[in-house]
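Chain residues, written in single-letter form:
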Amino acid sequence: CVAGIPFFVSSLEHKAEDLCQGLARAAHRREPTLPEVESLLFDFGKLMHFLDIVGEVSSPELFEAMENCHKRFGCQHYFIDSLMRISGLEENYPAQTEFMNSLQSFCKRTKSHIHLVTHPRKIDETQRARKMDVKGSGNIPNNADNILSIRRNIQKQDAYDNGKPVSGMHDADISIEKQRATGWQGVFKLKFDKASRTFSRFYSEPDNYNPKVKERKRYD
């Protein structure tokens, strides 16, 4: 929004008005008032485009909406949440492959970015999902240019439930499991802010904590 980039969101589990409220909450770092939500829409509403469907959507319907948003509004980022909400894809691996090929074609033709949410296979929830743990066809991770895996820190919740200290523990982590351009991979620890319902970088504080040193490390 700050960069002025139009975007499209197909969140098939949340209504568009709920997403707008969530964006306002993140911007104000707390539960927003109605005037604050209206102010956000006044400032950035022309950039926001939502597929107003909750439940499932067919692949042709989704691509038609994406194509319209590209041609009419110049959208450059497309968020699809999630793959399993595209009708007819859940157990159909060839259809999943065809869908991924269509996403790649759209992405390259329009020079845009597509963020596709998928879910992992059933694995130990204390373990991080790797790129081949994506539920569905192996062509989903094979076709993706980048793969990010987000995991909640179950150990922190267990420690909290057992009355153990959790001050030095992160809430979640995000790992780059694939990056086609450079091959770089890494893990970032995150902390969760309940008021804004957003994540930010987690930094553990050493005993000899020096704010100036910390800021320099962040910059590096």
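The rules behind each value
- Residues numbered from 1 in each chain as written.
- Predicted model: local features only at pLDDT ≥ 70, side-chain atom pairs only at ≥ 80, totals over all residues.
- Heavy atoms only, no water.
- Axes fitted to C-alpha atoms, helices over the stretch in contact; angles between N-to-C directions.
- Helix = DSSP H or I, 4+ residues; strand = E, 2+ residues; numbered from the N terminus.
- Parallel < 35°, antiparallel > 145°, perpendicular 65-115°, else oblique.
- Contact = heavy atoms within 4.5 Å.
- Nonpolar A, V, L, I, M, F, W, Y, C, P; charged D, E, K, R; others polar.
- Salt bridge = Lys/Arg side-chain N within 4 Å of Asp/Glu carboxyl O.
- Buried < 20%, exposed > 50% of the residue type's maximum accessible area, 1.4 Å probe, protein only.

Undergrad: Provide a residue-level description of the packing of helix 1 (residues 16–28) against helix 2 (residues 34–44), including the pertinent values.
TA: Interaxial distance between helix 1 and helix 2 falls to 9 Å at its minimum, and their mutual angle equals 100°. Here helix 2 runs roughly perpendicular to helix 1, going by the angle between their axes. In contact with Cys 20, Leu 23, Ala 24, Ala 27 and His 28 of helix 1, helix 2 contributes Glu 36, Val 37, Leu 40 and Leu 41. Each residue belonging to the contact of helix 1 with helix 2 can be placed in one class, and the counts come to seven nonpolar, one polar and one charged.

Undergrad: Could you give me a rundown of the pattern of salt bridges, with the residues and numbers involved?
TA: Tallied over the full model, the rule gives 10 salt bridges. We note a salt bridge from Arg 30 to Glu 36, for which the minimum N-O separation is 2.5 Å. Classification of Glu 36 by relative accessible area gives buried; the value is 16%. A salt bridge links Asp 145 to Arg 180, with the nearest nitrogen and oxygen atoms 2.6 Å apart. Of the two residues, Asp 145 is situated in the loop between helix 5 (139–143) and strand 5 (146–152) and Arg 180 in the loop between strand 6 (172–179) and strand 7 (186–193); the sequence distance between them amounts to 35 residues. A relative accessible area of 25% means that Asp 145 is categorised as partly exposed. A network of salt bridges, in which partner residues are shared, links Arg 128, Arg 151 and Asp 173.

Remember, this is a structural readout, not a statement about activity or role.
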